[in-house]
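# Remarks on the overall topology
These are the residues of each chain, in order.
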Amino acid sequence: MQGTFHILTFGCQMNLNDSAWLHRALTVSGMHEAPIELADFILLNTCSVRDKPEQRVYTALKRIEWLTRNNPRAFVGIAGCVAQQIGENFFPRFPQVRLVAGADGMSRIPDAVEELFRFPEKRFCFTHFEKKYLERPNRILDSCPHGQIPISPIAYVNIMQGCDNFCTYCIVPFTRGRQKSRNPQDIIQECRDLLSRGVREITLLGQNVNAFGKDRLTQGESDHSFSDLLRLTAQQCRRHSPSVRLRYVTPHPKDFTDEDIELFAELSDTLCPRLHLPMQSGSNPILKRMGRRYTMQTFLNLIEKLRKARPDLALSTDLIVGFPGETEEQFQETLDAVREIGFMSSFSFCYSDRPGTAASRMTDKIDPEIQGERLTRLQELQEELSNRWLQGRIGLETELLLEGLSRKQSDDPRLESWKGRDPWGDVVNIALPQHIGRTGSLIRVHIQEAKKHSLIAVPADRADA
């Protein structure tokens, strides 16, 4: 297939991973990536979990309109959550859009693009939810000439699609469908293939990752739990190299089992000491209205067990400010919980209505000005906690996985500035002698300095120099 493409991605890590797969698939089909102004096919992979990313999609479409006017061959595709939400309604509003595909339609995009090039009058809308997870040809790289698609040392592997929780504020069950877990053997095979291509860190992805397998179990298809999958994946990592790292995101607090918790100790040589654990609110009445199905006491008990299993575990979280009916006292409970737990980082947002959710029908909405003021206070507290965490890293000797050269290079021509991450997920910058650094390599480093959002290190053998 001849032609050029450009992909714009909005939203979560799952969208980024979907876009990476589609990039490979289009490249293997014969297309070439190009700047957006030169692309024949422009794909917007979209997010509607919050209002702001959705509005950015419409803004981008208006800006892209003139590009398609200058190139009669060019057309636009919309994928992801907004595609699922709006569907065919994109077509009359944006004539340049000829392809709409929800999460379950992603695997059909490469073939559809080829047909759309051949038949300019056609349009496709793939927003039907499948009953089971549709496997994608993840071995698609086998068809690609060596070096045509660079492989990152960090890979993300989807283990499931959708969610069954129906939290009252969340649109995910409506845009990504009900939970569908992948076959464990397909997941392990994908991990095996990635490791053979030089990947040094794997993150397992899911909207409710630690509920993996529950849907398959009810259908009599599998007896693999999330903890079973973690063990199998860790075994593959160890077989390839004892230094390969394993992570997962995003778990739900209510779905943690004691076995899941103990795996932080059992797999401590592979499973990184970092966990993103969405709290959303520190107030029990608000958690109940959110449909979260845990109390703050059970949340704090979970953290106590996790830290007992892995004393060096670092925690990050998600927080919603100004949920309908939230009082100042209830917001203070959130501040108190954040302070008590000491999250290393957090993603915090003002509540916004999402179409079709139960919370959108609640009448006691919080004034946007009050929401904004509360968000500022929360983020100021988090900045203080994040700075404390980074300052506490100074003097630590750890292992750094190099991801690539830093944008800002060293003033010393004999040195190259590299960027990587430590096992806790911190961004670490380091200057290395030229030709020493290599993407994907692991080096022992000594943390010397903390910046606002990152760390500065030197090679461990030069720490006393």
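Our structure's up above, just so we're on the same page.
Residues numbered from 1 in each chain as written. Predicted model: local features only at pLDDT ≥ 70, side-chain atom pairs only at ≥ 80, totals over all residues. Heavy atoms only, no water.

Within the protein one finds 14 helices and 19 strands. Here the C-alpha radius of gyration of the protein, 23 Å, is about what a compact globule of 465 residues would show, namely 23 Å. Its C-alpha atoms give the protein principal-axis dimensions of about 65 × 60 × 50 Å. Among the 465 residues that make up the protein, the fraction classed as buried is 54%. Relative to all contacts within the protein whose residues are 6 or more apart in sequence, the contacts with residues 24 or more apart total 73%. For the protein, the exposed area adds up to about 21,200 Å²; of that, 50% sits on carbon and sulfur atoms. For the protein, the separation between the mean place of its 60 positive charges and that of its 60 negative charges on side chains is 3 Å. (Helix = DSSP H or I, 4+ residues; strand = E, 2+ residues; numbered from the N terminus. Rg over C-alpha atoms; globule rule 2.2 N^0.38 Å. Buried < 20%, exposed > 50% of the residue type's maximum accessible area, 1.4 Å probe, protein only. Contact = heavy atoms within 4.5 Å. Areas by Shrake-Rupley, 256 points an atom, 1.4 Å probe, with all protein chains shown as cover. Lys, Arg positive; Asp, Glu negative; His and termini not counted. Charge placed at Lys NZ, Arg CZ, Asp CG, Glu CD.)

With that out of the way, let us pick up the pairing of strand β18 (residues 442–450). Direction of pairing for strand β15 (residues 397–405) relative to β18: antiparallel, over a ladder of 5 bridges. Paired with Leu400 across the two strands is Ile443, which belongs to β18. Pairing of β18 with strand β19 (residues 455–459), which is carried by 5 bridges, proceeds in the antiparallel orientation. By the bridge assignment for β19, Val445 is matched with Pro459. What sits between the antiparallel neighbours β18 and β19 is a turn of 4 residues. (Pairing = 2+ DSSP bridges.)

Another aspect to go through is the packing of aromatic side chains. The full count for this structure, using the stated rule, is 12 aromatic pairs. Considering the side-chain rings of Tyr58 and Phe90, the 6.3 Å spacing of their centres and the 40 degrees angle between planes classify their relative orientation as tilted. Linking Tyr58 in helix α2 (residues 51–70) with Phe90 in helix α4 (residues 90–93), this pair joins segments that are 32 residues apart in sequence. Here Tyr58 matches Phe90 in class, with each residue buried. With a centroid separation of 6.4 Å and an interplanar angle of 85 degrees, the aromatic rings of Tyr169 and Phe323 are classed as edge-to-face. Residue Tyr169 is found in the loop between β8 (160–161) and α6 (172–175), and its partner Phe323 is found in the loop between β13 (314–321) and α13 (328–341); the two are separated by 154 residues along the sequence. When sorted by exposure, Tyr169 lands in the same class as Phe323, which is buried. Among the aromatic side chains, those forming a connected cluster through ring pairs are Phe41, Phe75 and Phe117. It is Arg73 that lies over the ring of Phe117; its NZ or CZ is 4.2 Å from the centre. Across the ring face of Trp424, the terminal group of Arg393 is positioned such that the distance to the ring centre comes to 5.1 Å. (Phe/Tyr/Trp six-rings, centres within 6.5 Å; stacked < 30°, edge-to-face > 60°. Lys NZ or Arg CZ within 6 Å of the ring centre and 35° of its normal.)

Moving on, we get to the packing of α13 against helix α14 (residues 368–393). Here α13 crosses α14 at 10 degrees, and the two axes come no closer than 10 Å. Taken as axis vectors, α13 and α14 run roughly parallel relative to one another. On α14, the residues that touch Glu328, Phe331, Gln332, Leu335, Val338 and Arg339 of α13 are Arg374, Arg377, Leu378, Leu381, Gln382 and Leu385. (Axes fitted to C-alpha atoms, helices over the stretch in contact; angles between N-to-C directions. Parallel < 35°, antiparallel > 145°, perpendicular 65-115°, else oblique.)

Now for the side chain of His252. One can find His252 in the loop between β11 (245–249) and α10 (258–266). In terms of polar contacts, His252 uses its side chain to reach the side chain of Arg292, at 3.4 Å. When near neighbours in sequence (up to four residues on either side) are disregarded, His252 contacts Asn165, Cys167, Asn208, Asn210, Arg292 and Tyr294. (Polar contact = N/O pair within 3.5 Å; in protein donor to acceptor, adjacent residues only side chain to side chain.)

As a further point, take the pattern of salt bridges. As enumerated under the stated definition, the model contains 29 salt bridges in all. Between Asp269 and Arg238 there is a salt bridge, and its shortest N-O distance comes to 3.0 Å. Taken together, the residues Asp269 in the loop between α10 and β12 (274–276) and Arg238 in helix α9 (residues 226–240) connect sequence positions 31 residues apart. Since its relative accessible area comes to 33%, Arg238 is described here as partly exposed. Each of Glu326, Glu328, Glu373, Arg374 and Arg377 takes part in one network of salt bridges that share partners. (Salt bridge = Lys/Arg side-chain N within 4 Å of Asp/Glu carboxyl O.)

Spatial ordering of the open sheet is given by β2-β1-β3-β4-β5-β6, a layout of 6 strands whose pairing is parallel. At either end of the open sheet lies a strand with only one pairing partner, and these are β2 (32–33) and β6 (124–126). Its contacts with the sheet put helix α1 (residues 13–28) on β1 (4–9), β2 and β3 (41–46), and the angle it makes with β1 is roughly 175 degrees. Relative to the sheet, helix α5 (residues 109–118) contacts β3, β4 (75–80), β5 (97–101) and β6, its axis offset from that of β5 by approximately 165 degrees.

With respect to the helices, strands and loops of the structure, Phe226 is situated in helix α9. Linking Phe226 and Phe347, residues 121 residues apart in sequence, is a C-alpha distance of 25 Å. For Phe226, the residues in contact, after removing those within four places along its chain, are Ile159, Val209, Asn210, Phe212, Tyr248 and Asp260.

The calculated volume of the second largest pocket comes to roughly 310 Å³. The wall of the second largest pocket is formed by 15 residues, among which Ser410, Ser417, Ile430, Ala431 and Ile456 lie closest to the centre. Residues that form the lining of the second largest pocket fall into these classes: 7 nonpolar, 5 polar and 3 charged. (1 Å grid on protein atoms, 1.4 Å probe; cavity = no way out; pocket = protein on both sides within 12 Å on 5 of 7 lines; lining within 4 Å. Points joined across faces, edges and corners; volume = space filled by probe spheres on them. Nonpolar A, V, L, I, M, F, W, Y, C, P; charged D, E, K, R; others polar.)

Moving on: the environment of Glu221. Relative to the helices and strands, Glu221 is located in the loop between α8 (214–218) and α9. Classification of Glu221 by relative accessible area gives partly exposed; the value is 31%. With 223 residues separating them in the primary sequence, Glu221 and Arg444 have C-alpha atoms 44 Å apart. Sequence-distant contacts of Glu221, defined by excluding residues within four places in its chain, comprise Lys132 and Arg216.

All right, on to the sheet that holds strand β14 (residues 345–350) then. Hydrogen bonds along the backbone pair up the strands of a sheet, which may run parallel or antiparallel. In spatial order, the strands read β12-β13-β14; together these 3 strands make up an open sheet with parallel pairing. The sheet is open, and its two borders are formed by β12 and β14, each paired with just one other strand. The sheet shows a mean angle of 10 degrees between the axes of neighbouring strands, taken without regard to direction. Bridging between β13 and β14 involves 6 bridges; their strand directions are parallel. Within the sheet, the bridge partner assigned to Leu319 lies in β14 and is Ser348.

Any functional reading would require information that these geometric values do not contain.
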